[in-house]
Each structure stands twice: as C-alpha cells, then as structure tokens.
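# Results of the structural survey
These are the residues of each chain, in order.
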Amino acid sequence: MGENAGMSKQKPAKDKAKGPEKAPATKTIALNKRAKHEFNLEHRYEAGLSLQGWELKAIRAGRCNIGDAYAMVNDGELFLYGSQITPLIQASTHVIANDRRTRKLLMHRREIDQLVGKIQRDGYTIVPTALYWKGNKVKLEIALAKGKQAHDKRDAARDRDWAREKQRAMRARNKDA
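How each quantity is defined
Residues numbered from 1 in each chain as written. Predicted model: local features only at pLDDT ≥ 70, side-chain atom pairs only at ≥ 80, totals over all residues. Heavy atoms only, no water. Helix = DSSP H or I, 4+ residues; strand = E, 2+ residues; numbered from the N terminus. Buried < 20%, exposed > 50% of the residue type's maximum accessible area, 1.4 Å probe, protein only. Contact = heavy atoms within 4.5 Å. Areas by Shrake-Rupley, 256 points an atom, 1.4 Å probe, with all protein chains shown as cover. pLDDT = per-residue confidence, 0-100. Core = buried A, V, L, I, M, F, W, Y, C linked by side-chain atoms within 4.5 Å. Pairing = 2+ DSSP bridges. Polar contact = N/O pair within 3.5 Å; in protein donor to acceptor, adjacent residues only side chain to side chain. Phe/Tyr/Trp six-rings, centres within 6.5 Å; stacked < 30°, edge-to-face > 60°. Lys NZ or Arg CZ within 6 Å of the ring centre and 35° of its normal. 1 Å grid on protein atoms, 1.4 Å probe; cavity = no way out; pocket = protein on both sides within 12 Å on 5 of 7 lines; lining within 4 Å. Points joined across faces, edges and corners; volume = space filled by probe spheres on them. Nonpolar A, V, L, I, M, F, W, Y, C, P; charged D, E, K, R; others polar. Expected span 1.5 Å × (residues − 1).

Moving on to the overall build of the protein. A tally of helices and strands in the protein yields four helices and nine strands. Walking the protein from its N terminus toward its C terminus, one meets helices and strands in the order β-α-β-α-β-β-β-β-β-α-β-β-α. Counting all 177 residues of the protein, 26% fall into the buried class. Of all intrachain contacts in the protein linking residues separated by at least 6 positions in sequence, the fraction that spans at least 24 positions is 69%. As presented, the protein carries roughly 13,100 Å² of accessible surface, and 49% of it is formed by carbon and sulfur atoms.

Have a look at this one:
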C-alpha cells in the first residue's frame, strides 16, 4: 500500500480566487469641490436618495451635478434642492423629466433630529459633498458646515500653498541624499 492508502477520498478544495477579485462597490459619481472652499465641514453623514427610474439611468451615464445643491429640513424630512440630473435623450416619452426637481433624502429619524438641532441652535447648514454608488444604491454624503469668511479662505489657500512648497522641498532634498 502507498502513502495515501489510509486517506479517504476527499473532494478537491474549491479555489475561492477563481475569478477576478471584486473591488468594493463604492464609486464616486459627482463631487462638490467648491464646498471645501466655501465652508468649514464639521461632521459628515450618509443619506440615501429617492430617485425615479430615468434619474438612475442618467446617473449611470454620469449626467449629474451637485455643485449648486443644498439640503434643507421641511416638516421633519430632509430634501435636496438645486442638484441637476440631466435626462437622457432616450428617456421615456410618457415621463416629464424635471432635471432640478426636489429630491427626498433618506436618513434615520435620530440623525435628522441631530441635524435639526445643530442647524437651529448653532447656525449650521447642510451641504452635499459627494454622490457615489454603494452596492447598487446611490448615496449622498452630506456635511454639517459653517460658511467661511473671505480671510479664512485666504488663510486656507496660504496653508495649502505652503504645504505644497514644503512637500516639493522635501522631495528635492530626498533626491539629492
């Protein structure tokens, strides 16, 4: 008898890494780069979006802009105003597409209550910062923010420029060493 005579027949182990490994399904759709410049962003939240079918198709095609958008609380519900989702040409003819319609944001009640408290007591505003895919759902990242004064914007630009110059100097020094 050979070396393997005492072993029973076993099924070969399935190779878990057969196909390409799946990356996390979070893909950015749109960013609000101006929000960082215009506001001090304090705390970030994730909210779902209530969308219609044509809007989802347009978002898949990358036809979305949240640069001028803002969020407000009305009757205990959170809504997104000013976001633009441009409809596709091949959208259904029986649907009247309004590209800047008000969209409802989906969040837990206690999160909305926290936002309402901060807005009313401390003078914050709600600014959308990013729109992205999470699995097969569209999510919106919103942030509690306070507006920057003109001198704050200049200070932030000066700090950013100094960090960039410092990084360049460090890279040049490391090349020489």
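We now examine the confidence of the model for the protein. Confidence along the protein averages 81 in pLDDT terms, with 82% of residues attaining 70 or more. Confidence, expressed as mean pLDDT per element, reaches its minimum in the protein at helix α1 (residues 33–38) with 79 and its maximum at strand β7 (residues 103–106) with 93.

Counting 26 residues, the largest nonpolar core has L105, M107, L115, L131, L140 and I142 as its most contacted members. Listing elements by their share of this core, those giving two or more residues are β2 (39–49), α2 (53–60), β5 (77–81), α3 (109–122), β8 (125–134) and β9 (137–147). At four residues, β9 tops the list of elements feeding residues into this core. Once residues lying within four places of it in the same chain are set aside, the contact partners of L115 are Y45, L78, M107, I126, I142 and L144.

Turning to the pairing of β8, a few remarks are in order. Among the ten residues in β8, eight count as buried, and that is most of the element. What sits between the antiparallel neighbours β8 and β9 is a turn of two residues, in which G135 has the positive phi angle 70 degrees.

A few words now on the pairing of β5. Taking burial as the measure, the five residues of β5 include four buried ones, the bulk of the element. The hairpin turn running from strand β4 (residues 70–74) into β5, its antiparallel successor, is two residues long, and D75 in that turn takes a positive phi close to 55 degrees. Both β5 and β7 contribute to a ladder of three bridges, which runs antiparallel. Bridge assignment links L80 to a residue of β7, and that residue is R103.

Our focus in this paragraph is the side chain of R101. Checked against the element boundaries, R101 lands in the loop between β6 (84–85) and β7. A polar atom in the side chain of R101 sits 2.8 Å from the side chain of E55. Not counting the four nearest positions on each side in its chain, R101 is found in contact with S50, L51, Q52, E55 and L80.

Counted according to the given criterion, the structure contains one aromatic pair. Taking the centre distance of 5.5 Å and the plane angle of 20 degrees together, the rings of Y70 and Y81 count as stacked. Here Y81 lies in strand β5 and Y70 lies in strand β4, a separation of eleven residues in the sequence. Over the face of the ring belonging to Y124 we find K146, whose NZ or CZ atom lies 5.0 Å from the ring centre.

Attention now moves to empty space enclosed by the protein. With the rule as written, the count across this model stands at one cavity of 30 Å³ or more. Looking at the largest cavity, its volume works out to about 30 Å³. Around the largest cavity, the lining residues are L49, L51, C64, I66, L80, S83, I85, R103 and L131. Grouping the constituent residues of the lining of the largest cavity by class yields seven nonpolar, one polar and one charged.

Taking 1.5 Å per residue, 14 residues should reach 20 Å; α3 reaches 20 Å between its end C-alpha atoms and fits that length. Taken residue by residue, α3 has I112, L115 and G117 as its buried positions. Among the structural elements, β2, β4, β5, β8 and β9 are those in contact with the buried residues of α3. One or two steps after α3, the chain reaches G123, where phi turns positive at roughly 75 degrees.

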